[in-house]
Every structure is written in C-alpha cells, then in structure tokens.
Amino acid sequence: MPTISKEYQNNNMIFFGTNILLRQDPPWKQQHIGLVTNHAATTNKLVSSRKSLLGAGFNIVKLFSPEHGLNVQGADGIRMNDGIDVLTQLPFISLYNEKLAPAEDDLSDIVLFDIPDIGCRFYTYLWTMTYMLEACSKQNKKLIILDRPNPISGNLSLAEGPMLDETNCSSFIGRWDIPIRHSCTIGELALYFNETKNIHANLEIIKCQNWNRASFHPDWKIDFVPTSPAIKNFEAALLYPGLGLLEATNISEGRGTELSFQIAGAPWMDAREVSTIFNKLNIDDVKTEPINFTALHNKYPNEKCNCVKFELSHIPSYQSVFTGLLFIKLIKSLYPQHFEWRPYPTNVNPDGKNHLDKLLGITNSEQIFELPFNEFLKTIQQITKPNNWQKEIEP
C-alpha cells in the first residue's frame, strides 16, 4: 500500500474512495476494468469520477449504470437502455432493464463500484451492488468498492426499521433483511452481505478518510450532487426514508417539482389544517408549513395541490421513518373519503401491487393504519426500532 500524502493526513476534508484510489498505482491498473457508476459519482472536488480515473491511466473499458441511468435523469422506475457515454465515449450497460445483473460476457477482469447512496433500503443503487457482488463471485472477478460516507450519517443509533421480511417482501427495493434507514456505507453493506449471504466474492473496500460517522452531509463542506431526479439536496435525502412511503398512496410526494420529498399534498387536502394538526403533535425536530404547488408530472400533473413543506429543525435526532408513518396516518384519518392506497408500477414491479409491503418490508402493512391512534403509535414505535442491528453490523 503506498504512503498516504501529508495532504490526506492533515486535511480535515473528506476523501472518497475514488480520491484514495487516484493517489495509488495498483498492479491491476492496466487490466480491463469495468466501472459501475453514474453522473452523481464525483471526487470531493466535484470532478467526474469516471473521467478522473481515466485521466489517471486506469484502463476502464466499460461502464455499468443503475436505475435513473448514467446521467441520473431517468424517471423513477423507468427501464433504462444501454448506450455510449457522452463524457468518456465508453459503452455502458444498463443494470435496470430486463436484466439487473451483468451477463457473463459483460464483466471485465476487475470491477469497480462507485455510486453515491443516500442510506435508505428502498433506494435501489444498493441492490445493484448486491447483484454485481453475486455476479463477480460466480464469475471469479474481483469487485472493488470505492466507498463513500452515508450522507444521512453513519450513527447506527439512528437506524430505523422495520427490518425486511425476506420470505414475503423481498424485491429490488429491498432484497435482504436490513432496516429502512441502515446507517451504513455501501462498502460496509457489501462486506456484511458477502459474509452473511455466503457470497464469497473477491471483495475489496477502498475506504473514505476523515469521515466522522456522526456527521451529516452538510458537515462535509462539499456541495450535494443530486443522486437522482427526485433527490436534489440533502434535506430530500434525509426526509426520503419516511416520505418515500407516500409512493404507495394517492398523496403526492412532490415529484415533478423542485421540492420532491420535501413536500406532501393533494388537491383535496386543506394544507393549513394539516400543518396545524401535525405541528401540534410536538415532534421537536420537524415542523410543517402550508404551501401550494403544481407538479409537471407524476401524481396530479398540472393540478394545483395543497401541501405541507417539512422544515427540519434538529437534524441529528430526526426520525424520518417514524415521521413518515405518522404523517400518512394523519392524512388517512383526516380525509378517509379521499385517501387511497395505490399500486406503484415500475420496471421491476410492473403491476405495482403490494408496494407498501415492499417499502416497509412487512406483510399486510396497510392494516397497521386501521389501528386506533394510540395503538398505532405504540406499534410504529416498536417496528421502527431495528433490534440488534447495531450489534449485527457495527464495523
């Protein structure tokens, strides 16, 4: 292992796995390399990772892209095609179409994985990693994860369930049994799955440096690069594990606006009433304010929606999953004549059925919302505690 420069030792700036690799000269540098990546993957100076690696002489011959495509512009759940990268002129293979894993003749000698995650189980980049992990094991290829910090913190005490029922709820938005908010990095989960799922891949993690697990993305002093069309900023990423559950309802989560996953509403909602009642629940770390929006697509396109905007007041203690469940219960109780559970068709779940079960990871999840409020509150307090996860995963 080469000596890390004084710049890396003394600078408090976070260095991603890509930054660390760029300062190395590994023996496999000139082998044929495949890179799983997208446009959100940059160095800590916001330079494209794939272009930086090529510029440093790494013999990357092929790219792979996850959901939303290489340019991270593909709409949620929409099939993505193969193509040629306009930035590098390299061919790329989509791992979000009829196949989720690479074919045998797709893989190169070495596979690098460099995609920013947002720390939520139903954000699919994580599961693209697991399919690549299995493929590399099966085809005896080395997989190297260029790790990145978890933007919504690696504080394992902030992890939130439910845990996932693999027998009944496994899907591409949650294959294996981890909490919704997992508080891990992609590299940590790769090591965990490689061992617990007996994958036995030749796996290496290039860790990031100067990351404090208790920190959140704003603490890094690095601009947030949108990781997909609807996750435009850090606030959306932190709210997503809870407000992402709105996908299974007829409440808009703000897709088609500049505030996706920061607002929630519908034409039939009274935003002022909802905001007033929600704020009286005395959740110390978040408040809402009533606003209006008109989405260009997704739910209620081109209709004026009355909505609430979520304002985070204390990031370190915010419980996104708990708050999202509570918000859905509130709307369902206030507007029983309007509220509906809805399917959510995607490339990986064409009929869209049982979407809430897949998101939450538990069966018959809609029935929880039929409970009287006090019983509902007790239930979600229990299921959002991921028992033993910290002991199970702690690095």
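Read on for an overview of the structure. Treat the numbers as computed from the prediction; the structure is a model and nothing was measured.

It is worth spelling out empty space enclosed by the protein at this point. Within this structure, the stated rule accounts for two cavities of 30 Å³ or more. When its volume is computed, the largest cavity comes out at roughly 190 Å³. In terms of lining, the largest cavity is formed by 17 residues, of which the most central are Phe-16, Pro-116, Arg-148, His-217 and Trp-220. Looking at the lining of the largest cavity, its residues break down into 10 nonpolar, four polar and three charged. One number sums up the size of the second largest cavity: a volume of about 80 Å³. Those elements that place two or more of their residues in the lining of the second largest cavity are β5 (110-114) and β6 (142-146). Its residues assigned to classes, the lining of the second largest cavity comprises nine nonpolar, three polar and four charged.

Hydrogen bonds between backbone groups are what pair the strands of a sheet, and the pairing can be parallel or antiparallel. Spatially, the three strands line up as an open sheet ordered β8-β10-β9, and their pairing is antiparallel. The sheet is open, and its two borders are formed by β8 (263-266) and β9 (286-294), each paired with just one other strand. Within this sheet the neighbouring strands show an average axis-to-axis angle of 25 degrees, counted without direction. Where β9 meets strand β10 (residues 304-312), nine bridges bridge the pair, whose relative direction is antiparallel. Residue pairing across strands places Thr-294 opposite Lys-304, the latter belonging to β10.

What follows covers the pairing of β6. The element β6 is extensively covered by neighbouring structure, given that four of its five residues are classed as buried. Crossover connection from β5 via helix α4 (residues 125-138) to parallel β6: handedness right-handed.

This part takes up the pattern of salt bridges. Scanning all chains against the criterion turns up 16 salt bridges. Among the salt bridges present, the one from Glu-370 reaches Lys-332, with a minimum N-O distance of 2.9 Å. Placement of the pair is Glu-370 in the loop between α11 (355-360) and α12 (373-383) and Lys-332 in helix α10 (residues 320-334), with a sequence separation of 38 residues. The class of Lys-332 is buried, set by a relative accessible area of 17%. Each member of the salt-bridge network shares a partner with another, and the members are Asp-76, Glu-247, Glu-253, Arg-255 and Lys-299.

Conventions used here
Residues numbered from 1 in each chain as written. Predicted model: local features only at pLDDT ≥ 70, side-chain atom pairs only at ≥ 80, totals over all residues. Heavy atoms only, no water. 1 Å grid on protein atoms, 1.4 Å probe; cavity = no way out; pocket = protein on both sides within 12 Å on 5 of 7 lines; lining within 4 Å. Points joined across faces, edges and corners; volume = space filled by probe spheres on them. Nonpolar A, V, L, I, M, F, W, Y, C, P; charged D, E, K, R; others polar. Helix = DSSP H or I, 4+ residues; strand = E, 2+ residues; numbered from the N terminus. Pairing = 2+ DSSP bridges. Axes fitted to C-alpha atoms, helices over the stretch in contact; angles between N-to-C directions. Buried < 20%, exposed > 50% of the residue type's maximum accessible area, 1.4 Å probe, protein only. Right-handed = clockwise from strand over helix to strand, strands pointing away. Salt bridge = Lys/Arg side-chain N within 4 Å of Asp/Glu carboxyl O.

That is the geometry; function is a separate question.
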